[in-house]
Amino acid sequence: MAEKWKVAAPVVSAQLREGESLAEAIERALDEDGDLRGMHFTGETLDAMEGGTLDISGCVFERCVFTEMDFKRLSFVDCVFDKCEWSNLRMVSATFQRVSFRNCRMTGVEIMRGVLMNASFDACMLDYASLSETKLDRVSFAECRMRESLWADVKLVKVGFDGADLTRAQWMRTPLLGVDMSSSVIDGWNISLFDLRGVKVTAAQVISLSGLLGVEIVE
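Here the structure is a predicted model, which means the values were calculated and not measured. (Residues numbered from 1 in each chain as written. Predicted model: local features only at pLDDT ≥ 70, side-chain atom pairs only at ≥ 80, totals over all residues. Heavy atoms only, no water.)

Chemist: Please clarify how the overall build of the protein chain should be interpreted in this entry.
Modeler: Scanning the protein chain for helices and strands turns up three helices and 16 strands. Relative to the 2.2 N^0.38 estimate, which gives 17 Å for 219 residues, the radius of gyration of the protein chain is 19 Å and therefore close to what a compact globule would have. Seen along its three principal axes, the alpha-carbon backbone of the protein chain occupies a region of about 65 × 30 × 25 Å. Per-residue burial for the protein chain yields a buried fraction of 45% across its 219 residues. The contacts of the protein chain with a sequence gap of at least 6 include a subset with a gap of at least 24, amounting to 9%. A total accessible area of about 11100 Å² is found for the protein chain, and carbon and sulfur atoms account for 48% of it. Charge-centre separation for the protein chain: the mean point of 24 positive side chains lies 6 Å from the mean point of 34 negative side chains. (Helix = DSSP H or I, 4+ residues; strand = E, 2+ residues; numbered from the N terminus. Rg over C-alpha atoms; globule rule 2.2 N^0.38 Å. Buried < 20%, exposed > 50% of the residue type's maximum accessible area, 1.4 Å probe, protein only. Contact = heavy atoms within 4.5 Å. Areas by Shrake-Rupley, 256 points an atom, 1.4 Å probe, with all protein chains shown as cover. Lys, Arg positive; Asp, Glu negative; His and termini not counted. Charge placed at Lys NZ, Arg CZ, Asp CG, Glu CD.)

Chemist: Explain empty space enclosed by the protein to me, please; I cannot follow it from the model alone.
Modeler: Using a probe with the size of a water molecule, rolled over the atoms, empty space left in the structure can be pinpointed. In this structure the tally under the stated criterion is one cavity of 30 Å³ or more. Here the largest cavity is characterised by a volume of approximately 70 Å³. For the largest cavity, the full set of lining residues is Met106, Val109, Ile111, Leu116, Phe121, Leu126, Ala129, Leu131, Phe141, Met146 and Trp151. Partitioning the lining of the largest cavity into residue classes produces 11 nonpolar, no polar and no charged. (1 Å grid on protein atoms, 1.4 Å probe; cavity = no way out; pocket = protein on both sides within 12 Å on 5 of 7 lines; lining within 4 Å. Points joined across faces, edges and corners; volume = space filled by probe spheres on them. Nonpolar A, V, L, I, M, F, W, Y, C, P; charged D, E, K, R; others polar.)

Chemist: Sorry if this is basic, but what is going on with the packing of aromatic side chains here?
Modeler: Geometrically, a pair of aromatic rings is defined through the distance of the ring centres and the angle of the planes. Scanning the entire structure with this criterion turns up 22 aromatic pairs. When the ring of Phe81 is compared with that of Phe101, the centres are 4.8 Å apart and the planes differ by 10°; the resulting orientation is stacked. Here Phe101 lies in strand β9 (residues 94-102) and Phe81 lies in strand β7 (residues 69-82), a separation of 20 residues in the sequence. Judged by its relative accessible area of 1%, Phe101 is buried. (Phe/Tyr/Trp six-rings, centres within 6.5 Å; stacked < 30°, edge-to-face > 60°.)

Following this line, the structure appears as structure tokens:
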């Protein structure tokens with residue numbers, strides 16, 4: 001019997017602080033202990049922020065724009081992102097734990113040497129997204145568009161794709177053993193037979209993969 005798993009939801013207080021801008025709150029956190037907790041931000045823009053360690057927990061972000069962040073270590077725990085903009089943002093050594101992304105635009109986002117645990121992506125735009133040397137454990141992508149996304153040296157522990165559009169995705173040294181792609185679009189993949197081994201697909205999807213398998217389907 002297949003192992004059943006689910007993504008743990010963020011734990012966020014019903015009473016969040018407001019009033020301080022996102023940039024001001026982060027600057028204050030960096031000046032103090034590098035910890036930002038329990039705040040609600042709406043319509044904020046975070047631009048060209050950098051520093052050492054920044055831990056953000058128990059926060060909600062609505063329609064916020066993240067354009068540039070450069071921290072030695074960055075973590076988001078128990079956070080919700082609703083209709084936020086992450087396009088072309090590059091993050092190195094970032095950690096996401098119990099986070100929810102809803103209707104976010106993340107075209108071209110790049111995550112290197114990161115960790116995502118108990119993360120859900122719902123109806124997000126992830127075309128041209130790039131993940132490299134990153135671990136995903138209990139991560140779900142539901143109704144996300146992920147065309148021409150790049151997955152390089154990614155460790156997929158428990159990852160679900162439900163109605164995702166992965167057209168022309170590239171998989172490099174990222175084994176898909178046990179991953180269920182049966183409800184997703186997988187046309188035009190660039191993937192090795194080793195990484196493809198053990199992926200779960202429908203009979204119709206095998207036709208899309210026939211070129212990779214070196215077979216010719218005739219009627």
